[in-house]
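Listed below, chain by chain, are the residues.
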Amino acid sequence: MRVLAPLVLLAACGASPAPEFFGAARHQITLSGIDFVVLHKDDRAEVVRLGYLTRKERAPVPRLMIEAAESATGCRVIPDSVVTGLPGDTGEARMDLAC
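Sequence positions are assigned chain by chain, starting from 1 and proceeding in written order. Owing to the predicted nature of the model, reporting of local features is limited to residues with pLDDT of at least 70; listing and counting of side-chain atom pairs is limited to 80 or more, with chain, interface and lining totals taken over all residues. The basis for the side-chain values is all heavy atoms of the structure; hydrogens and waters are excluded.

K.L.:
Please give an account of the overall build of the protein chain that cites residues and values.
P.N.:
Regarding its fold elements, the protein chain presents two helices and five strands. Strands here are runs of E lasting at least two residues and helices are runs of H or I lasting at least four, both read from the DSSP assignment and numbered beginning at the N terminus. Starting at the N terminus, the α and β elements of the protein chain follow one another as α-β-β-β-α-β-β. For each residue, the accessible area found with a 1.4 Å probe, counting protein chains only, is set against the maximum for its type, and the residue is called buried under 20%, exposed over 50%, and partly exposed in between. The buried share among the 99 residues of the protein chain stands at 33%. Within the protein chain, residue pairs in contact and separated by at least 24 positions form 46% of the contacts whose partners lie at least 6 positions apart. Computed with a 1.4 Å probe, the accessible areas rest on the Shrake-Rupley method; for each residue, only the protein chains presented here act as cover. Taken as a whole, the protein chain presents about 6,300 Å² of accessible surface, with 59% of it coming from carbon and sulfur. What makes two residues a contact is simply this: any of their non-hydrogen atoms within 4.5 Å.

Here you go:
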């Protein structure tokens with residue numbers, strides 16, 4: 001049980017913004033049963049997926065991240081602007097917006 005408590009606290013940090021998104025507007029949205037946090041600042045957005053998904057369940061996530069950003073911000077994601085911290089990562093993505 002002592003090991004579990006620090007892991008739960010660490011997992012709670014999963015939706016912390018990148019430094020460039022400190023002070024950003026925060027929105028929470030659910031699409032296709034997957035929860036996302038969208039951080040919107042100026043003409044940029046960061047989308048963080050919440051919760052665990054199996055490899056098979058992750059396939060639609062990149063498309064849903066773009067949809068989440070557009071829905072939460074009211075802006076259009078600029079094509080080919082989506083980047084992730086690690087190639088193929090479905091946990092977080094940053095993108096440019098056209099508002």
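That was the structure; now back to the text.
K.L.:
Tell me about the environment of Val48, and name the residues and values.
P.N.:
Along the chain, Val48 turns up in strand 3 (residues 44-49). Note: C-alpha distance between Val48 and Met65 (17 residues apart in sequence) is 8.0 Å.

K.L.:
Any chance you could break down the state of the cysteines for me, citing the residues and the numbers?
P.N.:
Cysteine sulfur atoms are paired as a disulfide whenever they come within 2.5 Å of each other. In total, this model carries one disulfide according to the counting rule given. The disulfide partner of Cys75 is Cys99, and the gap between their sulfur atoms is 1.9 Å. Note on the Cys75 and Cys99 pair: the S-S dihedral is about 100 degrees, so by sign convention the disulfide is right-handed. Of this pair, Cys75 sits in the loop between helix 2 (61-73) and strand 4 (76-77) while Cys99 sits in the segment after strand 5 (92-98), and the two are 24 residues apart along the sequence. A residue is classified by how much of its surface remains accessible, and Cys75, at 8% relative accessible area, is buried.

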